[in-house]
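# Remarks on the overall topology
Below, each chain spelled out in residue letters.
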Amino acid sequence: MTGQDGRDTEERFAACARGYVEVDLDAVVSNMEHMKQNIAPEAGIIGVIKTDGYGHGSVPIAQVLEPLDFLYGFAVATAEEAFALRDAGIEKPILILGYTFPYSYERLVRQGIRPAVFRMDAVRKLARAAERVGSPAKVHVKVDTGMGRIGILPEDSGLAFLRQILEDEGLARWIEIEGIFTHFARADERDKSSAKEQYRRFVRFTERIEREIGLCVPLRHCANSAAILELPQMSLDLVRAGITLYGLYPSAEVSRDRVALRPALSLYSTVVYVKTIHAGDSVSYGGTFTAAGDTRVATVPLGYGDGYPRALSGKGYVLIRGKRAPILGRVCMDQFMVDVSDIPEAAEGDRVTLLGYDGGEHISAELLGDLSGRFNYELVCDLGKRLPRVYLRGGRRMLPGTV
Ligand SMILES: *Cc1c(COP(=O)(O)O)cnc(C)c1O
């Protein structure tokens, strides 16, 4: 089978040896099913697949999740991310979590993509776009209960915003308020008082909307990954699963015992060169590592140009033959060196695990984040486009476009 780039599948797999991201789609499905068991039985789930599915690949993730009956749909950050899902044939609702710029409104309406709304000028433009298309725009109203980012305030001004939509014929006819949502700033902390206060403000505001303007919004949602794990009483109608869908935890303060999650992502490369250097020899830019005695050095052909943090220079380690091989000197753009003095069996052609399991050892995104002073979310999002993604589903290995 020949891919878009004219190479056959075998050659595309061979090209992965330099470095590739492997995504276990079975783990993604199992993470969703386990989360579903923890939330309120009547609540549905939104799969948050912004930033190309947190670096995992949004389209294959959407394809594997779409058939789940408890999955309402997906959430992304931008119109382009939503269009990419529609272009790939994804049919369930898609919510855009951030501000959506007006140039995209007609296409948005035609494709059943729901923008978050909180600005009246945008609502007016959206209504006009819906009128041109000839079908109402479904929207989710964003409420700012304490994140201080986007959203109407849960007070008189917010109520006036909604009243204006309902009372203006041109708006009421073309804007369908399907959802209302807010976002927690601190649900991943041990102390849940801030999240509880945000929840209280949100629920009170929705009650006030019902009471004072008679608007009953069908889909209310506030829970992110941290709340799915630790505040399932806040499930409301939908929850938004982001980092947990990929099997990662939102923070070190969140319990690992309530919902069984399996990391979906691994990062692999191949040893391309092994040699022994001698006392006084240095390794990599700046000569920050100098050998005290004979040292076996293996070269790994992947670097910060692939999103592997340069901050791991002299700090991190990889796994080769199930053992830890510490990074020597600076991580370069496309290569770095590791110490295999204690792994005498290590040889050119060996698989290198940069993230994931090898034998009894495991390198997690959290560990790499800690070692490099980065956040686990950021680490997986930043894995470069130069790394091919390989997907595992039901024991089969496949490349995107070859499914
Ligand atoms: C990114 C995002 C989420 C998902 O957050 P996680 O911590 O990954 O679960 C949910 N809601 C909004 C509004 C977001 O921006």
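Let us look at the structure shown here. (Residues numbered from 1 in each chain as written. Predicted model: local features only at pLDDT ≥ 70, side-chain atom pairs only at ≥ 80, totals over all residues. Heavy atoms only, no water.)

The secondary structure content of the protein chain amounts to 13 helices and 21 strands. Dimensions of the protein chain along its principal axes, counting C-alpha atoms only, are 80 × 50 × 40 Å. Within the protein chain, buried positions represent 55% of all 403 residues. In the protein chain, the share of contacts with a sequence separation of at least 24, taken over all contacts with a separation of at least 6, comes to 66%. Computed over 50 positive and 53 negative side-chain charges, the inter-centroid distance for the protein chain is 3 Å. (Helix = DSSP H or I, 4+ residues; strand = E, 2+ residues; numbered from the N terminus. Buried < 20%, exposed > 50% of the residue type's maximum accessible area, 1.4 Å probe, protein only. Contact = heavy atoms within 4.5 Å. Lys, Arg positive; Asp, Glu negative; His and termini not counted. Charge placed at Lys NZ, Arg CZ, Asp CG, Glu CD.)

Under the criterion given, the structure shown has 26 salt bridges. Salt-bridge contacts for Lys192 lead to Glu230; the nearest nitrogen and oxygen are separated by 2.5 Å. Here the residue Lys192 occupies a position in the loop between strand S7 (175-181) and helix H10 (193-213), and Glu230 occupies one in helix H11 (residues 225-230), the gap between them amounting to 38 residues. The exposure class of Lys192 is buried, given its relative accessible area of 10%. Using a relative accessible area of 13% as the deciding quantity, one classes Glu230 as buried. Overlapping salt bridges bring together Arg18, Asp306, Asp334 and Arg386 as one network. (Salt bridge = Lys/Arg side-chain N within 4 Å of Asp/Glu carboxyl O.)

Moving on, we come to the packing of aromatic side chains. In total, this model carries seven aromatic pairs according to the counting rule given. One residue, Arg351, lies across the ring of Tyr268, its end atom 3.6 Å from the ring centre. (Phe/Tyr/Trp six-rings, centres within 6.5 Å; stacked < 30°, edge-to-face > 60°. Lys NZ or Arg CZ within 6 Å of the ring centre and 35° of its normal.)

Moving on: the pairing of strand S8 (residues 219-223). Within S8, four of the five residues are buried, which leaves it mostly tucked inside the rest of the structure. Strand direction decides the pairing type here: S7 and S8, joined by three bridges, are parallel. Each bridged residue has a counterpart across the sheet, and for Ile180 the counterpart in S8 is Arg220. Relative to strand S9 (residues 238-241), S8 runs parallel, the two being bridged by two bridges. Within S9, the residue paired with His221 across the bridge is Leu238. You can see the chain leave S8, run along H11 and come back into S9, and the turn it takes is right-handed. (Pairing = 2+ DSSP bridges. Right-handed = clockwise from strand over helix to strand, strands pointing away.)

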